[in-house]
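# Examining the three-dimensional arrangement
Okay, here's what each chain looks like letter by letter:
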Amino acid sequence: MTTGSTITGTAQTEATSLFSPSLIEDALTQLSSVQDWLRFAVSKMHQGQVYLGHGTDNPWDEAANLMAAVLSLPPITDEQLFKARLIMQERRDFIALLQQRIEQRIPAAYLTKQAYFAGLPFYVDERVLVPRSPIAELIQQGFSEQLAGFQPERILDLCTGSGCIAIACAYQFPEAEVDAADISPDALAVAEYNISEHQLEHRVFPLLSDVFDGLAGQQYDLIVTNPPYVDAEDMADLPAEFLHEPELGLASGADGLALTRQILRQAAQHLTEQGVLVCEVGNSMVALQALLPDVGLQWIEFEQGGTGVFSINKAELLRCRQQLEEF
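Before going into details, it helps to say that this report is about the structure given with it. For every chain, the first residue of the written sequence is number 1, and numbering continues from 1 onward in sequence order. In keeping with the model being predicted, local features are shown solely for residues with a pLDDT of at least 70 and side-chain atom pairs are shown and tallied solely at 80 or more, while totals for entire chains, interfaces and linings include all residues. Computation of side-chain values covers all heavy atoms of the structure but excludes hydrogens and water.

### Digging into the nonpolar core
The tendency in soluble globular proteins is for nonpolar side chains to be buried side by side. Think of a nonpolar core as a cluster: buried Ala, Val, Leu, Ile, Met, Phe, Trp, Tyr and Cys residues, connected wherever their side-chain atoms sit within 4.5 Å. For each residue, the accessible area found with a 1.4 Å probe, counting protein chains only, is set against the maximum for its type, and the residue is called buried under 20%, exposed over 50%, and partly exposed in between. Ranked by size, the top nonpolar core spans 38 residues in total, and within it F19, W37, F40, M67, F94 and L98 carry the most contacts. Per the convention used, a helix needs a DSSP run of H or I reaching at least four residues, while a strand needs a run of E reaching at least two, with both numbered from the N terminus. Put simply, the parts of the chain that give this core at least two residues each are α1 (21–30), α2 (34–48), α3 (59–70), α4 (88–103), α5 (108–112) and α9 (185–197). With six residues, the single largest contributor to this core is α2. Here L98 is in contact with F19, F40, A41, K44, M45 and L66, once residues within four sequence places are set aside. With 32 residues, the next largest nonpolar core counts I135, L147, A170 and V178 among its residues. The contact criterion used throughout is that any non-hydrogen atoms of two residues lie within 4.5 Å.

Following this line, the structure appears as structure tokens:
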């Protein structure tokens, strides 16, 4: 989970008062262009104090995602489209989505059933987290620093959710086979759908596994994982938008590191000799650094923003085996 932002405005309890019948009628009759409606949506999101942290960090982009879905278009980047006029049905469809976004606090990706990750479209619903990991940047760079030019033949996406990391890796490494593992059958159903939509059934394989328990004897050149890492304190304070996401994909014990402990202790036996683990721990990186100061976790800096992702190779995991067993 990445951090987001809350738009300043009225209290959430007042959100339902933002769409009176008279205001809706005025909007439907007086607002005509895409730009008119996006401006209206931004104003309402400010007034409704929505939380942004599911793929967008500003209300304009959030509104544009809703608009693109209504118009059956890819992400709106052509400014010429702002001048386009909406027919009445499109206006009604857009304001209905906007109401749900503000009044019910449903992230835009769940309303549109689509999110983009590493430049690729993915189907998403409430069975999986909305893709938003900075690991996308590493995939698009081919994990150049972590792999040092080595081309992986077998890749594991552990805690795959929607399958977005596995599928993006398959595009980046066209000769590799990719396993997409998750403990949730519901999540794997979404991943399987996305694998089919991208026509990668021959190279990306959904697998039911509780961490590594369902992967006995399997070894990989690259393990990429974005496991649950939200600690108990943060779970108690999550904005309402996150309550639409599966808790199984967020919560990870008191310090947010329950799953990460298992991964670090068991990863070495599932890596080839030159294998590398890339893992996201988000805000729990502070706790992890304090617990493992002498372990060679390589913290990654991102050009496009984001923190809390480290890499570690098999040799270092083996060297620190005792420390990892004890932490």
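### A few points about the layout of surface pockets
Using a grid of 1 Å spacing that covers the protein atoms alone, one calls a set of points a cavity when a 1.4 Å probe fits there but cannot get out, and a pocket when the set is open and has protein on both sides within 12 Å along at least five of seven lines; lining residues are those with an atom within 4 Å of a point. Grid points are joined across faces, edges and corners, and a volume is the space filled by probe spheres set on the points. Size it by volume and the largest pocket reaches roughly 1200 Å³. In this structure, the largest pocket is lined by 47 residues; those nearest its centre are H54, G55, T56, Y116 and P131. For the lining of the largest pocket, the secondary-structure elements that each account for two or more residues are α3, α5, β3 (114–117) and α6 (135–140). Ranked by residue count, the leading element in the lining of the largest pocket is α3, at seven residues. The computed volume of the second largest pocket comes to approximately 530 Å³. The wall of the second largest pocket is formed by 33 residues, among which C159, G161, D182, N226 and G249 lie closest to the centre. Broken down by secondary-structure element, the contributors of at least two residues to the lining of the second largest pocket are β5 (154–158) and α8 (164–172). Across the lining of the second largest pocket, the residue classes break down as 18 nonpolar, nine polar and six charged. For this scheme, ten residues count as nonpolar: Ala, Val, Leu, Ile, Met, Phe, Trp, Tyr, Cys and Pro. Four count as charged, namely Asp, Glu, Lys and Arg, and the remainder, Gly too, count as polar.

### Let's talk about the pairing of strand β8 (residues 220–225)
Among the six residues of β8, six are classified as buried, and the element is accordingly described as predominantly covered. Strands pair, by our definition, only if DSSP identifies at least two bridges between them. Of the strand pairs in this sheet, β5 and β8 are connected by four bridges, and their pairing is parallel. Bridged to D157 within β8 is V224. Judged from the five bridges that link them, β8 and strand β9 (residues 271–280) form a sheet pairing that is parallel.

### Brief notes about the packing of α1 against α2
Following both chains from N to C, one finds α1 and α2 inclined at 155°, their axes separated by 11 Å at the closest point. Taken together, α1 and α2 sit at an angle that is classed as roughly antiparallel. Between α1 and α2 the crossing geometry is right-handed. Together, L23, A27 and L28 of α1 and W37, F40 and K44 of α2 make up the contact between the two elements. All axes here are fitted lines through C-alpha atoms, helices being fitted over the stretch that makes contact, and every angle between N-to-C directions spans 0 to 180 degrees. Here the word oblique covers every angle except those under 35 degrees (roughly parallel), over 145 (roughly antiparallel) and from 65 to 115 (roughly perpendicular). In this scheme, a crossing is called left-handed if the near helix is turned counterclockwise away from the far one by less than a right angle; it is called right-handed if the turn is clockwise.

### Quick look at unusual backbone geometry
Despite not being glycine, F143 shows a phi value in the positive range, around 50°. Within the secondary structure, F143 sits in the loop between α6 and α7 (144–147). A residue is classified by how much of its surface remains accessible, and F143, at 0% relative accessible area, is buried.

### A short note on α1
Those residues of α1 lying buried are I24, A27 and L28. Down the axis of α1, the buried set is contained in an arc of 95°. They therefore lie on one face. In this fold, the buried residues of α1 make contact with α2 and α4. By arc we mean the arc of the directions from the helix axis to the C-beta atoms, nothing more.

### Structural notes on the pairing of strand β6 (residues 177–182)
A regular strand places its side chains so that they alternate between the two faces of the sheet. By the criterion of burial, β6 is predominantly enclosed, with five of the six residues buried. Here β5 runs beside β6; their pairing, made up of five bridges, is parallel. Note that in β6 the partner of I155 across the bridge is V178. Note on handedness: a crossover is taken as right-handed if, strands pointing away from the viewer, the path from the first strand over the helix to the second is clockwise. Taking the sense of rotation as the criterion, the β-α-β connection linking β5, α8 and β6 turns out right-handed. When β6 meets strand β7 (residues 204–208), the two strands line up parallel, connected through five bridges. Following the sheet pairing, A181 is matched in β7 by L207. Running through α9, the crossover from β6 to the neighbouring parallel element β7 is right-handed.

Such coordinate-based values are descriptive only and should not be taken to indicate function.
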